[in-house]
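Descriptive analysis of the structure
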Amino acid sequence: EPPILHLHALFSFSWIGLFVTQSWLIARRRVVRHQAVGLAGIALATATFFTGVIIAVKAMNIGIAAGNGESARVFAIVPLSIIAMFGGFFAAAIVNVKRPEYHKRLMLITTLSIMPPALARLIGMAATLTILGPRQFGGAPSSVVTGMAIGTVAGAAADLLIVAAMVYEWRTKGRPHRVYWISGGIIVAVQVLRIPMSTTAGWTGFTELLSSLAR
């Protein structure tokens, strides 16, 4: 496995730790420290985003080189759409840094948006013993449909965490904040649309561009 894969894993794990730390600081009303740590968070989020993109493109290129070009390009929409949402939600959180009620919820959504890959690995570990078979980094699943299904199930599992946050606010505040409705709608729309989009000529052209840039 390429070293950047482990680096991205380190960044992603560190992001979860940072999120927990930042939440603790706010709960303790240590706003100044929270803001100072937040600057490091920008750098960490940037590193997580770019290593995620590099890994997705590298895995796709390995699949193409192995003769699985079509399935590699199709499956690439899953990690690329996830990391794109992570970057988008984080950018929205930074834009709303002076609106705490929006900022804190957007940071939660940012964190939950990158949970599907971890959940998919757990599902994949179980599936390896049954339907998938052993698979190396960059190797396409034995069935693209199966791979996409695992990504969809993992995404739905992460969506339930957003639903839990909405239920909590409904019970404590009377209704969920609009951030959850908007961001949740975006996430579900991406999860639904990426399946038909993955086989379009537009997506194929986009992946070919990414592939050529990475050579």
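One can find the structure itself at the top, above this paragraph.
Before going into details, it helps to say that this report is about the structure given with it. (Residues numbered from 1 in each chain as written. Predicted model: local features only at pLDDT ≥ 70, side-chain atom pairs only at ≥ 80, totals over all residues. Heavy atoms only, no water.)

**Remarks on the packing of aromatic side chains**
Our working definition: A pair of Phe, Tyr and Trp rings is counted when the ring centres sit within 6.5 Å of each other, with Trp represented by its six-membered ring. The angle between the planes then sorts it: under 30 degrees is stacked, over 60 is edge-to-face, the rest tilted. Secondary structure elements are taken from DSSP: a helix is a run of H or I of four residues or more, a strand is a run of E of two residues or more, and numbering for both begins at the N terminus. Only protein chains enter the area calculation, which uses a 1.4 Å probe; residues under 20% of their type maximum are buried, those over 50% are exposed, and those in between are partly exposed.
The tally for this structure, following the rule as stated, stands at 4 aromatic pairs. Taken together, a centroid distance of 5.4 Å and an interplanar angle of 80 degrees make the contact between Trp-15 and Phe-86 edge-to-face. Residue Trp-15 is found in helix H1 (residues 3-27), and its partner Phe-86 is found in helix H4 (residues 77-95); the two are separated by 71 residues along the sequence. Across the pair, exposure class does not vary: Trp-15 and Phe-86 are buried alike. Here Trp-203 and Phe-206 contribute two aromatic rings whose centre-to-centre distance is 5.4 Å and whose plane-to-plane angle is 45 degrees, an arrangement assigned as tilted. Linking Trp-203 with Phe-206, this pair stays in helix H9 (residues 201-213), spanning 3 residues, or about one helical turn. Residue Trp-203 is classed as buried on the basis of its relative accessible area, which comes to 11%. Members of the aromatic cluster, connected to one another through ring pairs, are Trp-15, Phe-86 and Phe-90.

**Looking at H4**
Put simply, the test is: Expected helix span is taken as 1.5 Å per residue step, with the number of steps being one fewer than the number of residues.
Given a rise of 1.5 Å per residue, 19 residues ought to cover 27 Å, and the 26 Å separating the end C-alpha atoms of H4 matches this to within 8%. Turning to H4, its buried residues number three or more, namely Ile-77, Val-78, Leu-80, Ser-81, Ile-82, Ile-83, Met-85, Phe-86, Phe-89, Phe-90 and Ala-93.

**Description of unusual backbone geometry**
We note that Arg-29 has phi near 60 degrees; this positive angle belongs to a residue other than glycine. On the secondary structure map, Arg-29 appears in the loop between H1 and helix H2 (31-65).

**Quick word on the nonpolar core**
Threshold: Definition used in this section: a nonpolar core is a set of buried Ala, Val, Leu, Ile, Met, Phe, Trp, Tyr and Cys residues joined via side-chain atoms within 4.5 Å.
In terms of nonpolar packing, the biggest core is built from 14 residues, with Trp-15, Leu-44, Ala-45, Phe-86, Phe-90 and Met-107 touching the most fellow members. Take this core: its biggest share by element is 4 residues, from H4.

**Comments concerning the packing of H2 against H4**
Filter applied, for reference: Only the contacting stretch of a helix is used when fitting its axis, a line to C-alpha atoms as for every element, and angles between N-to-C directions run 0 to 180 degrees. If an angle is under 35 degrees, it is roughly parallel; if it is over 145, roughly antiparallel; if it lies from 65 to 115, roughly perpendicular; otherwise it is oblique. Two helices that cross are described as forming a left-handed crossing if the nearer one is turned anticlockwise from the farther one by less than a right angle, and a right-handed crossing if clockwise. Contact criterion: two residues are considered in contact whenever any of their non-hydrogen atoms come within 4.5 Å of each other. Note that Gly is not counted as nonpolar here; it falls among the polar residues with everything else outside the nonpolar set of Ala, Val, Leu, Ile, Met, Phe, Trp, Tyr, Cys and Pro and the charged set of Asp, Glu, Lys and Arg.
Two numbers describe how H2 lies on H4: the axes approach to 9 Å, and their chain directions differ by 160 degrees. With respect to each other, H2 and H4 are oriented roughly antiparallel. As H2 packs across H4, the resulting crossing turns out to be left-handed. Of the residues in H4, those in contact with Gly-41, Ile-42, Ala-45, Thr-48, Phe-49, Gly-52, Val-53 and Ala-56 of H2 are Pro-79, Leu-80, Ile-83, Ala-84, Phe-86, Gly-87, Phe-90 and Ile-94. Split by residue class, the contact of H2 with H4 holds 12 nonpolar, 4 polar and no charged.

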